[in-house]
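What the coordinates show
Listed below are the residues making up each chain.
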Amino acid sequence: MIAVATDQPIADEQREQVQPDSHLRTGAVLMALAGIAFVGYGVVFLALNFVGSGFELGVSTLAGMTAADVDPTVAYYISHLHVATAAFIISTGIAVAALSWYGVRQRLTWAWTTAIASAVVGLALALPMHWTADAFSHDWVTHLGPIYLATVVFLVGVALSYRGLRTA
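What comes next concerns the included structure. (Residues numbered from 1 in each chain as written. Predicted model: local features only at pLDDT ≥ 70, side-chain atom pairs only at ≥ 80, totals over all residues. Heavy atoms only, no water.)

This brings us to the overall build of the protein chain. Of the regular secondary structure elements, the protein chain holds five helices and zero strands. In the protein chain, the succession of helices and strands from N to C terminus is α-α-α-α-α. When burial is assessed residue by residue, the protein chain has 32% of its 168 residues classed as buried. The long-range fraction of contacts in the protein chain, counting pairs at least 24 apart against all pairs at least 6 apart in sequence, stands at 72%. For the protein chain, the accessible area works out to roughly 10200 Å², and carbon and sulfur atoms hold 69% of it. (Helix = DSSP H or I, 4+ residues; strand = E, 2+ residues; numbered from the N terminus. Buried < 20%, exposed > 50% of the residue type's maximum accessible area, 1.4 Å probe, protein only. Contact = heavy atoms within 4.5 Å. Areas by Shrake-Rupley, 256 points an atom, 1.4 Å probe, with all protein chains shown as cover.)

Let us now look at the side chain of N49. Here N49 lies in helix α1 (residues 2-51). Its relative accessible area of 8% is what places N49 among the buried residues. Side-chain polar atoms of N49 contact the side chain of S79, separated by 2.9 Å. Other than its neighbours up to four places away in sequence, N49 contacts G54, S79, H82 and V83. (Polar contact = N/O pair within 3.5 Å; in protein donor to acceptor, adjacent residues only side chain to side chain.)

Moving on: the packing of helix α2 (residues 72-103) against helix α3 (residues 109-126). At a minimum axis distance of 9 Å, the contact between α2 and α3 shows a crossing angle of 160 degrees. Relative to α3, α2 is oriented roughly antiparallel. The two elements α2 and α3 meet at a crossing, and its hand is left-handed. Contacts from T92, V96, L99, S100 and G103 in α2 reach W110, A111, T114, A115, S118 and A119 in α3. Tallied by class, residues from the contact of α2 with α3 come to six nonpolar, five polar and no charged. (Axes fitted to C-alpha atoms, helices over the stretch in contact; angles between N-to-C directions. Parallel < 35°, antiparallel > 145°, perpendicular 65-115°, else oblique. Left-handed = near helix turned anticlockwise from the far one by under 90°. Nonpolar A, V, L, I, M, F, W, Y, C, P; charged D, E, K, R; others polar.)

Look at α3: 26 Å from first C-alpha to last across 18 residues, which is about the 26 Å you get at 1.5 Å a residue. For α3, the full list of buried residues reads A111, W112, A115, I116, A119 and L123. Down the axis, α3 shows its buried residues gathered within 130 degrees of arc, on one side only. Turned more than 90 degrees away from the buried face of α3 sit W110 and L125, all of them exposed. (Expected span 1.5 Å × (residues − 1). Arc of directions from axis to C-beta.)

Glancing now at a nonpolar patch on the surface. On the surface, a nonpolar cluster with roughly 360 Å² of combined accessible area is contributed by W131, W140 and V141. The topology assignment puts W131 in the loop between α3 and α4 (140-143). (Patch = residues over 30% accessible without salt bridge, like charges linked within 9 Å, V, L, I, M, F, W, Y side chains within 5 Å. Salt bridge = Lys/Arg side-chain N within 4 Å of Asp/Glu carboxyl O.)

Shown next as structure tokens:
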């Protein structure tokens with residue numbers, strides 16, 4: 001009877017100790033995977049600038065004009081902006097993945113906060129613009145779907161890792 005009573009609290013303590021580490025580890029991995037997805041989206045964004053429609057992912061025309069119909073100087077400027085945008089998407093993804101993998105897994109709250117800030121600033125500035133005007137039509141599933149999916153994965157990772165960090 002005493003042995004059973006003694007075993008129960010030990011089992012409960014072990015379960016409590018494993019759970020925060022499990023939440024932290026799973027959350028950090030999800031955050032890192034989302035960062036890798038951001039990198040992937042940026043690479044596709046970059047590649048399509050050179051071999052796609054000349055516009056963004058999910059955008060085939062602007063007011064019925066293809067890239068070939070646009071003034072060459074304007075087309076080059078659009079290309080220049082796409083390359084710069086892709087570079088920042090890729091670099092943000094690298095930062096989020098590295099901070100999550102190397103920092104969050106080690107319970108570094110500054111890494112967790114910085115990973116969140118990096119992703120949130122980019123998303124908060126870029127995404128609302130897509131819904132403010134009808135200047136061009138885009139297929140939201142191909143244009144924004146991958147980023148929305150990566151963002152959901154990221155947010156689940158943030159919530160899980162927070163639970164792990166909080167109980168440390």
